[in-house]
Every structure is written in structure tokens, then in C-alpha cells.
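Examining the three-dimensional arrangement
Below are the chains, spelled out letter by letter.
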Amino acid sequence: MLRAYWWKILCIVLLMYVCSYGFLVKVPRLDDRMQQTIRNFFFHVPMWFGMMILLMVSLIYAIKYLNNPTTTNDIYASSYAAIGTLFGFMGITTGALWANYQWGQPWSGDPKQNGAAIALLIYLAYFVLRGSMNDDEKKARISAVYNIFAFFMLFPTLWILPRLTQSLHPGGQGSSGNPGINGKDLDYHMRIVFYPAVIGWTLLGVWITTLRIRVQLLYEKKENN
Amino acid sequence: MMLNKLKRILGIVVLGLSSLYVNAQTVAATKNDSVDVMRSNGKIFVVMAVILIIMVGFFIYLFSVDRKVCKLEKEKH
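Residues numbered from 1 in each chain as written. Chains lettered and ligands numbered in written order. Predicted model: local features only at pLDDT ≥ 70, side-chain atom pairs only at ≥ 80, totals over all residues.

**Brief notes about the overall build of chain B**
On a plain count of helices and strands, chain B comes out with four helices and zero strands. Of the regular secondary structure in chain B, the N- to C-terminal order runs α-α-α-α. Residues classed as buried in chain B amount to 3% of the 77 residues present. (Helix = DSSP H or I, 4+ residues; strand = E, 2+ residues; numbered from the N terminus. Buried ≥ 20, exposed ≤ 12 C-beta atoms within 10 Å, placed from the backbone.)

Given below as C-alpha cells:
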């Protein structure tokens, strides 16, 4: 599966489609503020979707490691966490860039922005934790447990608290729903680019992660010989 | 062989996408004033081209790394 190339070709095709048609597709005009910058929706939001998926896979491998402590499970868990965190940073950066033009400043102290920063700091602590230990088995075990905690912290910081207060992001008190997930809220023209975008960017994250995993497995094999 | 298949697929995608430029003429004709600035001065295509070039370059890099890792893995066995 890691070496199969069909899903890599699919990733390339989807992302080429998104990066070209995403700029040409007719987007809805709601008021005089958002306009064409809404196209960032095809980049910023899939970064977060990709992050959630990658971090969820990391969680699964962390739990697998706790059940069956093999080095492979640990390598999978840490690699998916690394690329998931990278996607999180891409999400925050594209968000700040968008906010600069849309909300007037790159950082408005918006609940979701703060929540995202906190969530990413928690995952950065995961890597600090890993780096602080030399014994491989202890490193893998303790970081697997921390991984579980870090993943479940994503929910209050990103999904729950920002919806309980007033927020600039859609979903906060006083604004409606989540256009990314609620299919009915999203304009048809945007939907035909958005769904392929989510799949494409996630596949890209998986591709990068599998390359990391394969290289680390090669190092492992070299050390054992 | 893999690279040839990729080149063929990419070629189809690029040729297919270039047909969009023909449609763009009719869409631009019904443009809405201040909104389609980038489209009217044609700069949106520059944005798109820049991003596509970056993406293609990145995919070429990823693919070459993938192939190198494949080769290393085959050597190990």
C-alpha cells in the first residue's frame, strides 16, 4: 500500500484540478467583503481537514503501539503526528494570511485562532517529549500515551470552545453552522472544488508521511543488521 | 514505465484544463464589476500559473524521492 502509486497519481490529478479550476470557478457573491478571497477556502480548510485525518491515524497507531509495542507502530504514530502538525501550521499560516485581508489583521485573538495555536503547541510538546528521552521503548510508550491526550485536546480547542463564544470564524455564536462539513450550506460551485481538495490535500499528507515512514523503516533495518 | 504513465496522465490533465481558457471568454463577458478585477486584467491566470508551476515542481520532487526510496528498499532485499 505504501508503495502503490495509484493513489499518488490520484492525489496529483485532484490537486492540479483544484489549483487550476479553483481559480476559475464562479464563486458566489454574498456581500462586498469576502469576494474572491473565498477561494482560499480550497486551501485553508483542507489543511485542517488533512490535519484531523493525519492526527487521527497517528492516534490509531499510538493505541496500536500500546497494544503491541513494535517499533513500526511507533514510527507510524510519530510520522503521522509530524506531518499532521505540519498541516496544522500550514492551516494557521494560510488562515492568518487570509485574515489579514478579510478581518484587517493576521491575528485577531479570535477563539478559533487561539484554540488552533494551543492545539499545535500541545503537539509540539509531543515532539519535545520524544526528544527528551533516549531509551527507545520508554520514548515510544510515553509519547503514545501523550499522543492520546494531545488528540483529544483538539476537540475542546478547535471544535467546542470556538462555538460557545462569539467568533469571527463561521460557527461561533451569532453565525451559522460549519460550511465545510454541512453540505447544504456550501454553494454548489464551491462544493465541486472543495471535496476533491480535501481528498487531494489529505492524500498529499499521507504521501509525505509514507515517505518518512519508509525512510525511517530503512534506518531501523540498517541498525538491526 | 511509471514515469511514462505519469507523463501521459499529466499531459491529458494539462490539455484538458487548457480547454477551460476557451470557456473563460464567455464567463468573463458576464462579469460583475468590482468583483472580477483579477479576472478582467488577466492576472488571475498568472496566480494560477504560478501555483501550478510550484505544484508540478513539488510533485516531481516527491516522485523522485519516492523512486529513490523504492530503489533503496529493493536493494535491502
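**Thoughts on the overall build of chain A**
The helix and strand tally for chain A stands at six helices and zero strands. Reading the secondary structure of chain A in the N-to-C direction produces α-α-α-α-α-α. The C-alpha atoms of chain A give a radius of gyration of 19 Å, which matches the 17 Å a tight globule of 225 residues would have. Seen along its three principal axes, the alpha-carbon backbone of chain A occupies a region of about 65 × 40 × 25 Å. By the burial criterion, 39% of the 225 residues in chain A qualify as buried. Summarising the internal contacts of chain A: among those between residues at least 6 apart in sequence, 72% fall at separations of at least 24. (Rg over C-alpha atoms; globule rule 2.2 N^0.38 Å. Contact = placed C-beta atoms within 7 Å.)

**Observations regarding helix 5 (residues 136-164) of chain A**
Residue and element names in this part refer to chain A. Between its first and last C-alpha atoms helix 5 spans 41 Å; for 29 residues at 1.5 Å apiece the expected length is 42 Å, and the two agree. Within the span of helix 5, buried status applies to Ala140, Ser143, Ala144, Asn147, Ala150, Phe151, Leu154, Thr157, Leu158 and Pro162. In this structure, the buried side of helix 5 is in contact with helix 2 (41-67), helix 3 (71-102) and helix 4 (111-131). (Expected span 1.5 Å × (residues − 1).)

**Here we look at the environment of Ala116 of chain A**
Residue and element names in this part refer to chain A. With respect to the helices and strands, Ala116 occurs in helix 4. In sequence terms Ala116 and Phe127 are 11 residues apart; their C-alpha atoms lie 17 Å from each other. Leave out the neighbours within four places in its chain, and Ala116 touches Gly91, Ile92 and Leu158.

**A closer look at the confidence of the model for chain B**
Residues and elements named next belong to chain B. Per-residue confidence for chain B gives a mean pLDDT of 73; residues scoring 70 or more make up 57%. When pLDDT is averaged over each helix and strand of chain B, the minimum, 46, is found for helix 2 (residues 20-29) and the maximum, 92, for helix 4 (residues 43-76). Overall fold confidence for the complex sits at a pTM of 0.83, while the interface term, ipTM, reaches 0.84. (pLDDT = per-residue confidence, 0-100.)

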